[in-house]
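Reading the structure
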Amino acid sequence: MALVYSTDSGRVCPTCRQAQADCRCKAQAANAVLGDGKVRVRRETAGRKGKGVTVVLGLPMTAVELTDAAKKLKAACGSGGTVKDGTIEIQGDHLDKVMAWLTAAGYSPKKAGG
């Protein structure tokens, strides 16, 4: 059974067992690199009622850097998008624009999927 409260320090993080105010888990998670370094770009329609999105996978960035890159990609494509589970999703079929932007940014993206 995990310790969740201590009379000395109050609430305790169950993972690192530090006081909630001194918890190191969130800081480590924010600084973790999410991608594997193999940058892949694909177009998906599954589960989106036929609407296509361009998905970028494997960018070796932290969550903050990924959000920044998504913002720049959305501006370059003139479209909306989001960051989900370490991937960038851009609304619409912007495969060529995204590939060009990633190449200019210094990555070597590959098309994935059919």
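Scroll up to find the structure.
Residues numbered from 1 in each chain as written. Predicted model: local features only at pLDDT ≥ 70, side-chain atom pairs only at ≥ 80, totals over all residues. Heavy atoms only, no water.

Thoughts on the pattern of salt bridges
Side chains that differ in sign of charge can pair as their charged atoms come close. This model, assessed by the stated rule, comprises two salt bridges. Glu44 is the partner of Arg42 in a salt bridge, and the nearest nitrogen-oxygen pair spans 2.7 Å. In this structure, Asp93 engages Arg43 in a salt bridge whose closest nitrogen and oxygen atoms are separated by 3.5 Å. Here Arg43 lies in strand S3 (residues 40-44) and Asp93 lies in the loop between strand S6 (87-91) and helix H3 (95-104), a separation of 50 residues in the sequence. On the basis of relative accessibility, which here comes to 51%, the residue Asp93 falls in the exposed class. (Salt bridge = Lys/Arg side-chain N within 4 Å of Asp/Glu carboxyl O. Helix = DSSP H or I, 4+ residues; strand = E, 2+ residues; numbered from the N terminus. Buried < 20%, exposed > 50% of the residue type's maximum accessible area, 1.4 Å probe, protein only.)

Focus: H3
Among the residues of H3, Leu95, Val98, Met99 and Leu102 are the ones counted as buried. Along the axis of H3, the buried residues cluster in a sector spanning 100 degrees; they form a single face. In H3, the exposed residues that point more than 90 degrees away from the buried face are Asp96 and Ala104. Along its buried surface, H3 packs onto S3, strand S4 (53-57), helix H2 (63-77) and strand S7 (110-111). Downstream of H3 by a residue or two, Gly106 has a phi angle that is positive, lying close to 100 degrees. (Arc of directions from axis to C-beta. Contact = heavy atoms within 4.5 Å.)

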